[in-house]
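# Structure assessment
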Amino acid sequence: MPKTANRRRTRLHDIQPLAVSAAILKRSSRVGKGSGNAATDGLSMYEVARQRLHVSAVPDTLPCREDEFAEIYGSLYNTIEERNSMCMYISGVPGTGKTATVHEVIRTLQENVEEGDLPEFQYIELNGMKMTEPSQAYTQLWQAITGEKATPKHAAQLLEKHFSTPSPRRHSYVVLMDELDLLVTKSQSIMYNFFDWPHRPHAKLVVVAIANTMDLPERMLHHKVSSRLGLTRINFQPYTHQQLMTIVQSRLEGCPAFDADAVELCARKISAVSGDARRALDVCRRAVEIVESEWQRDNSTAAGKRLQSTKSGKEHLVTMMVIDRAVKEMYASGNIAFIQSASLQQKVFLVALRAAIRKAGIPEVPLGDVAFIHRQLCQLHELAVPSYEHVSKICSQLGATRCILTESSMLDVHQQVRLAIAEDDITVALRPDPLFQKISTS
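First things first, this report covers the structure right here in the doc. For clarity, every value in this text was computed on a predicted model and none was experimentally measured. (Residues numbered from 1 in each chain as written. Predicted model: local features only at pLDDT ≥ 70, side-chain atom pairs only at ≥ 80, totals over all residues. Heavy atoms only, no water.)

## Focus on the overall build of the protein
Along the backbone of the protein there are 20 helices and eight strands. For the protein, contacts bridging at least 24 residues in sequence account for 74% of all contacts bridging at least 6. Of the roughly 21600 Å² that the protein leaves accessible, carbon and sulfur atoms contribute 51%. (Helix = DSSP H or I, 4+ residues; strand = E, 2+ residues; numbered from the N terminus. Contact = heavy atoms within 4.5 Å. Areas by Shrake-Rupley, 256 points an atom, 1.4 Å probe, with all protein chains shown as cover.)

The structure is reproduced here in structure tokens:
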């Protein structure tokens, strides 16, 4: 960031991409040096490709998220520099780089602190997926700040006092609330408190919340309350096929394992379904495994020696045919195969559950809501309308297969139900069915 006082006091809406270009260029220079492109000496072409394409090998710099990085970085930099507080709400479907981009921003801000360009701050990460109860967010935040343990109720009281009491020696806190969807409660007190504390005059608290649903605060909090909280919002759009190509190619830089057309085919197929970068990486990695297996079989005489894939020719590369095979293999096994073999009413239930989840904006919904939508869909498309008892039985059948998760302690319409499979598995599985093509557009 520029070191002049005027530029440092620039408001968020005045920040231009050039104002954070130095940070972007610095991060971009590390592409190929991060965990996504670890040391590859002595590895075969296929081993290098598999290593780089693994979803856990997140590079230091994410391609195709420069604008989102600039907006998040600029906003947090100015807030920390001025010792102010703010709330930021980041939304987007899974696999669009939300959490990885925030992590990259935090690393860059921490480097700014080390270089003396930014006041010290404490970074705290809370993840709804790693909590058995939403109220544990209070306990974990209080322990991160003070090192002391407390019950959720007591921790909430202590945090309320902490952020309401002036303290000139207090540094700023940056709290990432990942998987916010899973921290939803009936009273919505957790979401409200975390969004409200930054508005205390002396809090010096930055809350960055990440969720899959764009309007989760409006759905869960009263509209007047959510608007008063004044969230800064950033939405991550699903990756386009061109962006998916760039992501895969950046990981494979210097590794000629793929035919160029193969990467494009993979990107187009995945972008047509979900735009999930993790899916694209999984398909490409599986394609490498297929080619490597064939290569090893064809060169069995080299058993006991490290594979050297230095020969030329497309027969040694991942081609469009291999990608097509990997995609079909991925979508013809596991969850998708199960959905395609399910009964008609089971398929309708899954579609109804997906619709109920999207409507509610949270991952768990009451069975009664699902049953209502299920019966509506059957009436609309002239299918046999099941009784609520029959819908409950269908729910139990799907629960037994672990396709969905249900509350085992409840056996009525009030029990909470959630998907245990990806939503786009349902989309892919039912896409060839004309009936569900109509249902998806109704």
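Let's pick the thread back up.
## Quick notes on the nonpolar core
Phe258, Val318, Ile323, Phe349, Leu353 and Ile404 are the most contacted members of the largest nonpolar core, which totals 72 residues. Here the element with the most residues in this core is helix H13 (residues 277-298); it accounts for 10 residues. Ignoring anything within four residues of it in the chain, the contact list for Leu353 reads Val365, Val370, Ile404, Val417, Arg418 and Leu419. Counting 36 residues, the second largest nonpolar core, distinct from the first, contains Tyr89, Tyr138, Ala155 and Trp197. (Core = buried A, V, L, I, M, F, W, Y, C linked by side-chain atoms within 4.5 Å. Buried < 20%, exposed > 50% of the residue type's maximum accessible area, 1.4 Å probe, protein only.)

## Some details on the packing of aromatic side chains
Taken as a whole and assessed by the stated rule, the structure comprises eight aromatic pairs. Taking the centre distance of 6.0 Å and the plane angle of 20 degrees together, the rings of Tyr138 and Phe194 count as stacked. Residue Tyr138 is located in helix H6 (residues 136-146), and its partner Phe194 is located in helix H8 (residues 189-196); the two are separated by 56 residues in the primary sequence. This pair shows no difference in class: Tyr138 is buried, exactly as Phe194 is. Grouping aromatic residues by their ring pairs yields a cluster made of Tyr138, Phe163, Tyr173, Phe194 and Trp197. For Arg65, the ring lying beneath its charged end belongs to Tyr239, and the centroid distance is 4.2 Å. (Phe/Tyr/Trp six-rings, centres within 6.5 Å; stacked < 30°, edge-to-face > 60°. Lys NZ or Arg CZ within 6 Å of the ring centre and 35° of its normal.)

## Some details on the packing of helix H11 (residues 241-251) against helix H12 (residues 260-273)
Direction vectors running N to C along H11 and H12 enclose 130 degrees, while the axes themselves pass 8 Å from each other. One way to sum up the angle between H11 and H12 is to call them oblique. In this structure, the crossing between H11 and H12 has a hand that is right-handed. Of the residues in H12, those in contact with His241, Leu244, Met245, Val248 and Gln249 of H11 are Val263, Glu264, Ala267, Arg268, Ile270 and Ser271. Along the lines of polarity and charge, the residues of the contact of H11 with H12 split into six nonpolar, three polar and two charged. (Axes fitted to C-alpha atoms, helices over the stretch in contact; angles between N-to-C directions. Parallel < 35°, antiparallel > 145°, perpendicular 65-115°, else oblique. Left-handed = near helix turned anticlockwise from the far one by under 90°. Nonpolar A, V, L, I, M, F, W, Y, C, P; charged D, E, K, R; others polar.)

## A word on the sheet that holds strand S6 (residues 365-366)
The strand order across the open sheet built from three strands is S6-S8-S7, with neighbouring strands paired in antiparallel fashion. What marks the edges here is a single partner per strand, and that holds for S6 and strand S7 (404-406). Two strands pair when backbone bridges link them, and S7 and strand S8 (residues 416-419) are joined in this way by three bridges, in the antiparallel orientation. If you follow Ile404 over to S8, its bridge partner there is Leu419. (Pairing = 2+ DSSP bridges.)

## Remarks on the pairing of strand S5 (residues 232-235)
Burial along S5 is one-sided: Thr232 and Ile234 are buried, and none of Arg233 and Asn235, which face the opposite way, are. Note that strand S1 (residues 86-91) and S5 share four bridges and pair parallel. Residue pairing in the sheet places Ser91 in a bridge with Asn235 of S5.

## A short note on the pairing of strand S3 (residues 172-178)
Counted residue by residue, S3 has seven buried out of seven residues, so it is predominantly covered. Here strand S2 (residues 121-127) runs beside S3; their pairing, made up of seven bridges, is parallel. Counted as the bridge partner of Asn127 is Asp178 from S3. The parallel pair S3 and strand S4 (residues 205-211) is bridged by H8, and the resulting crossover is right-handed. (Right-handed = clockwise from strand over helix to strand, strands pointing away.)

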